[in-house]
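So the chains spell out like this:
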Amino acid sequence: FVDGMLLIPMSGKKSLTLDTDDGHILSWFGFPHAAGCELQNVNWPLNNRTLLTGGFQSISNRTLDPVTVKQKSGRSILMVSLKPERK
């Protein structure tokens, strides 16, 4: 936990489902890179993207319920706000 955010480090092939309410802020960063990244049930989904430090990242995405995250290889950090952002 860091300043109201849950940090989830991921390494290698990973898949997870986050049972969140709508409106949480989610950012996903390659650390330094992650390949085959998929992010579903968010405002801006990802499909088979590579996340790179200093390159493409998924920043300030907004969750829908439930969020699915998949990574085929590499290392990354997923950050999710602990409280939904008010509209």
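These numbers come from a predicted model, not from an experiment.

Novice: How should the overall build of the protein chain be read in this particular structure?
Specialist: Within the protein chain, the secondary structure is distributed over zero helices and six strands. Relative to its length of 87 residues, the protein chain is compact, with a C-alpha radius of gyration of 12 Å against a globular reference of 12 Å. Counting only C-alpha atoms, the protein chain reaches 35 × 25 × 20 Å along its principal axes. The buried share of the protein chain, reckoned over its 87 residues, is 36%. Here the contacts in the protein chain between residues at least 6 apart in sequence split such that 70% fall between residues at least 24 apart. Surface accessibility of the protein chain: about 5300 Å² in total, with carbon and sulfur atoms responsible for 55%. Side chains of the protein chain give 10 positive and 7 negative charges; the mean places of these two sets differ by 9 Å.

Novice: I keep staring at the packing of aromatic side chains and nothing clicks. Help me out?
Specialist: Each pair of aromatic rings is reported with the distance of its centres and the angle of its planes. Evaluation of the coordinates by the stated rule reveals zero aromatic pairs. Here the guanidinium or amino end of arginine 49 rests over the ring plane of phenylalanine 56, the centre of that ring lying 3.7 Å away.

Novice: Just to check I follow, could you spell out the environment of asparagine 47 for this structure?
Specialist: Tracing the sequence through the fold places asparagine 47 in strand E4 (residues 46-52). Each residue touching asparagine 47, except ones within four places of it in the same chain, is listed here: Cys37 and Glu38.

Novice: Looking at this structure, how should I read the nonpolar core?
Specialist: Note on soluble globular proteins: their nonpolar side chains tend to be buried together. If you look at the biggest cluster of nonpolar residues, it comprises 16 residues, and the most contacted ones within it are Leu18, Trp28, Leu39, Val69 and Leu78. Counting residues per element, the ones that place at least two in this core are strand E1 (5-11), strand E2 (14-18), strand E3 (25-42), E4, strand E5 (58-71) and strand E6 (73-81). For this core, the element with the most residues is E3, which contributes six residues. Apart from residues lying up to four places away in sequence, leucine 39 is in contact with Leu26, Trp28, Pro45, Leu46, Ser58, Asn61, Val67, Thr68 and Val69.

Novice: Explanation requested: the environment of glycine 30 in the structure shown.
Specialist: Relative to the helices and strands, glycine 30 resides in strand E3. A relative accessible area of 2% means that glycine 30 is categorised as buried. Sequence spacing of glycine 30 and arginine 75 is 45 residues, and the spatial spacing of their C-alpha atoms is 6.1 Å. Contact partners of glycine 30, with chain neighbours within four places excluded, come to Leu51, Leu52, Thr53, Gln57, Arg75 and Ser76.

Parameters at a glance
Residues numbered from 1 in each chain as written. Predicted model: local features only at pLDDT ≥ 70, side-chain atom pairs only at ≥ 80, totals over all residues. Heavy atoms only, no water. Helix = DSSP H or I, 4+ residues; strand = E, 2+ residues; numbered from the N terminus. Rg over C-alpha atoms; globule rule 2.2 N^0.38 Å. Buried < 20%, exposed > 50% of the residue type's maximum accessible area, 1.4 Å probe, protein only. Contact = heavy atoms within 4.5 Å. Areas by Shrake-Rupley, 256 points an atom, 1.4 Å probe, with all protein chains shown as cover. Lys, Arg positive; Asp, Glu negative; His and termini not counted. Charge placed at Lys NZ, Arg CZ, Asp CG, Glu CD. Phe/Tyr/Trp six-rings, centres within 6.5 Å; stacked < 30°, edge-to-face > 60°. Lys NZ or Arg CZ within 6 Å of the ring centre and 35° of its normal. Core = buried A, V, L, I, M, F, W, Y, C linked by side-chain atoms within 4.5 Å.

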